[in-house]
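Chain by chain, the residues:
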Amino acid sequence: MWHRGTVRLVPVMGRSMNCFAAVFREVGAPLSLETIALDPPGPSEALVRIAAVGLCRTDYHVIRGERRVAMRPMVLGHEAAGVVEAIGASVGGVVPGDHVVLTFIPGCGRCRWCRQGLHHLCAEGPRITQGPQLDGSYRRRDAHGAAVGAFCMIGAFAEYAVVDQASVVVIDKDVPLDLASLVACGVPAGVGAARHRARVKVGDSVLVVGCGGDGMNVVQGARLCGAATIIAADRVDAKLAWARDFGATHAVKAEGEALTRTVQEITGGIGVDHAFVCIDPPATLLPAFRATAKGGNVVVTALTPDTVGEIRIPPLELFVTQKAVMGAVYGFASPRLQIPELLALYRNGDLKLRELITRTYPLAEINRGYADLEAGRNLRGVVVFGR
Ligand SMILES: [Zn+2]
Ligand SMILES: [Zn+2]
């Protein structure tokens, strides 16, 4: 979004530029809308004009202090797509003009996991809450000259971002960039959890607890896998209605023991083959675990606040029921593989993307977007940059 009355900023190699950004300064406070200075890309980096960035719940956990980051100020925003405007001297496979999706875990290409194609497990992953670029330095400064971090080494709540090539996936230009932003986080997280982590099979039964950005995509992932029974659980009526549109066969407004009981009734007392915990694991993991069939899978796709140190599952119950409890970040598959594949599914009409976007906002109204997320009004809110 450009300020009315200002001329368009044109990046010049070798000089820093100003750009409008939503900056995380204080826990619990609205994001601060300000102009920051952005340095040109380093040798392995690209300057990306952000076209769209999703309002994922993870950034909201950071704003609320439930997911700690190592520094402030920091530009949040990690579910983004845009256009490359400039590249550093050693960048390969990316050129100015490319349309790109940014990945919230960098794929360094060198660590044990990246060498195995497991980019979602990259050894650099734990550094995404620290603030600096992949090379350890900063590209952003505020009006006082203080270093500004970039959440997930992306910092996409801004008109522009400088990111390492390890965080860039080039996509075909036929996909609208607002839809492409969705395959940066929520869509692979959910669809991948069903396809790659639980490996849902034709005819299986599935429970999805929490039908937001991740959960709704678990629903469509389970549908893609041919699940026969897909039970969506949420406390918001609108999300249950949307879940049916995305492929849920049952919509349940129940929590805790009532949820377990309802799922057991639907499945004839057996439980589901796969349960997905897509919201508030401290409250939902045990009910989902108990709604799962013996030998089944329980997949956690949601973040638990740093303030919660443990979740209890009775160990004898775990042992005798022989269930697997597992985590899935990024849908447990490399975004470099998933992003092109998901866009191909979209092109074929097999994956809903447009339907995921409830509302769009200019960057200046990002705090209203998060208020709408908090109120349960959005399946996905997206900040779009009109030009
Ligand atoms: Zn996200
Ligand atoms: Zn790596």
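From a predicted model like this one, the values you see are computed outputs, not experimental measurements. (Residues numbered from 1 in each chain as written. Chains lettered and ligands numbered in written order. Predicted model: local features only at pLDDT ≥ 70, side-chain atom pairs only at ≥ 80, totals over all residues. Heavy atoms only, no water.)

Draft legend 1. Structural detail: a nonpolar patch on the surface. On the surface, Leu316, Phe319 and Val320 cluster together into a nonpolar patch covering about 360 Å² of accessible area. Within the secondary structure, Val320 sits in helix α9 (residues 315-321). (Patch = residues over 30% accessible without salt bridge, like charges linked within 9 Å, V, L, I, M, F, W, Y side chains within 5 Å. Areas by Shrake-Rupley, 256 points an atom, 1.4 Å probe, with all protein chains shown as cover. Salt bridge = Lys/Arg side-chain N within 4 Å of Asp/Glu carboxyl O. Helix = DSSP H or I, 4+ residues; strand = E, 2+ residues; numbered from the N terminus.)

Draft legend 2. Highlighting the sheet that holds strand β7 (residues 140-141). Pairing in this closed barrel of five strands is mixed, and the strands run β1-β2-β7-β8-β4 around the ring. Summarising the sheet, strand β1 (residues 17-24) and strand β4 (residues 74-75) pair through two bridges and their orientation is antiparallel. Considered in β4, the bridge of Val23 is made with Val75. (Pairing = 2+ DSSP bridges.)

Draft legend 3. A look at the coordination of the zinc ion (ligand 2). Around the zinc ion (ligand 2), the protein contributes the donor atoms Cys108 (SG), Cys111 (SG), Cys114 (SG) and Cys122 (SG), which lie 2.3 to 2.4 Å from the metal centre. For the zinc ion (ligand 2), the four donor atoms in the first shell make angles of 104 to 117° at the metal, so the coordination geometry reads as tetrahedral. When the donors of the zinc ion (ligand 2) are listed by position in the chain, the intervening gaps give C-x2-C-x2-C-x7-C. For Cys111, a relative accessible area of 11% gives the class buried. (Donors = N, O, S within 2.8 Å, 3.2 Å for Na, K, Ca; no water. Tetrahedral: all angles 85-135°; square planar, octahedral: opposite > 155°, others 65-115°. Buried < 20%, exposed > 50% of the residue type's maximum accessible area, 1.4 Å probe, protein only.)

Draft legend 4. Representation of the coordination of the zinc ion (ligand 1) within the structure. Protein coordination at the zinc ion (ligand 1): the donors are Cys56 (SG), His78 (NE2) and Cys185 (SG), at 2.0 to 2.3 Å from the metal. For the zinc ion (ligand 1), all donor residues lie on one chain, and their spacing in sequence is C-x21-H-x106-C. Residue His78 is located in the loop between β4 and β5 (79-87), and its partner Cys185 is located in the loop between α3 (177-182) and α4 (186-197); the two are separated by 107 residues in the primary sequence. On the accessibility criterion, Cys185 (6% relative accessible area) is buried.

Draft legend 5. Region of interest: empty space enclosed by the protein. One pass over the structure, following the stated rule, counts two cavities of 30 Å³ or more. Of the pockets and cavities examined, the second largest cavity occupies roughly 40 Å³. Along the walls of the second largest cavity sit Glu79, Leu182, Gly186, Val187, Gly213, Asn217, Leu356, Leu379 and Arg380, which together make up its complete lining. Counted by class, the lining of the second largest cavity contains four nonpolar, three polar and two charged residues. (1 Å grid on protein atoms, 1.4 Å probe; cavity = no way out; pocket = protein on both sides within 12 Å on 5 of 7 lines; lining within 4 Å. Points joined across faces, edges and corners; volume = space filled by probe spheres on them. Nonpolar A, V, L, I, M, F, W, Y, C, P; charged D, E, K, R; others polar.)

Draft legend 6. The arrangement of the sheet that holds strand β11 (residues 205-209) in detail. Read from one edge of the open sheet, six strands run β13-β12-β11-β14-β15-β16, paired in parallel fashion. Two strands in the sheet have a free side with no partner beyond their single neighbour: β13 (250-252) and β16 (324-327). Ignoring strand direction, the axes of neighbouring strands in this sheet form an average angle of 20°. Bridge analysis of strand β15 (residues 292-300) against β16 gives four bridges, and the strand direction is parallel. (Axes fitted to C-alpha atoms, helices over the stretch in contact; angles between N-to-C directions.)

Draft legend 7. Here's a closer look at the packing of α4 against helix α10 (residues 335-347). Relative to each other, α4 and α10 sit at 90°, their axes nearing to 11 Å. Between α4 and α10, the angle falls in the class roughly perpendicular. On α10, the residues that touch Val187, Pro188, Val191, Gly192, Arg195 and His196 of α4 are Gln338, Glu341, Leu342 and Leu345. By residue class, the composition of the contact of α4 with α10 is five nonpolar, three polar and two charged. (Parallel < 35°, antiparallel > 145°, perpendicular 65-115°, else oblique. Contact = heavy atoms within 4.5 Å.)

Draft legend 8. Local environment of the packing of aromatic side chains. In total, this model carries three aromatic pairs according to the counting rule given. Taking the centre distance of 5.4 Å and the plane angle of 10° together, the rings of Tyr60 and Tyr370 count as stacked. A residue pair is termed long-range when its members are at least 10 positions apart, and Tyr60 in helix α1 (residues 57-63) and Tyr370 in helix α11 (residues 366-374) qualify at 310 residues. Among the residues examined, Tyr370 registers a relative accessible area of 3% and is labelled buried. Relative to Tyr370, the ring of Phe157 lies with its centre 6.3 Å away and its plane at 65°, an arrangement referred to as edge-to-face. Taken together, the positions of Phe157 in the loop between β8 (147-150) and β9 (160-164) and Tyr370 in helix α11 put the pair 213 residues apart, joining distant regions of the chain. Taken as a pair, Phe157 and Tyr370 share a single burial class, namely buried. (Phe/Tyr/Trp six-rings, centres within 6.5 Å; stacked < 30°, edge-to-face > 60°.)

Draft legend 9. A look at the pattern of salt bridges. In this structure the tally under the stated criterion is 22 salt bridges. Residue Arg347 pairs with Asp172 through a salt bridge whose shortest N-O separation is 3.4 Å. You can see Arg347 sitting in helix α10 and its partner Asp172 sitting in the loop between β10 (168-171) and α3, a full 175 residues away along the chain. Residue Arg347 is classed as partly exposed on the basis of its relative accessible area of 39%. You can call Asp172 partly exposed: its relative accessible area is 47%. Among the salt bridges present, the one from Arg312 reaches Glu310, with a minimum N-O distance of 3.1 Å.

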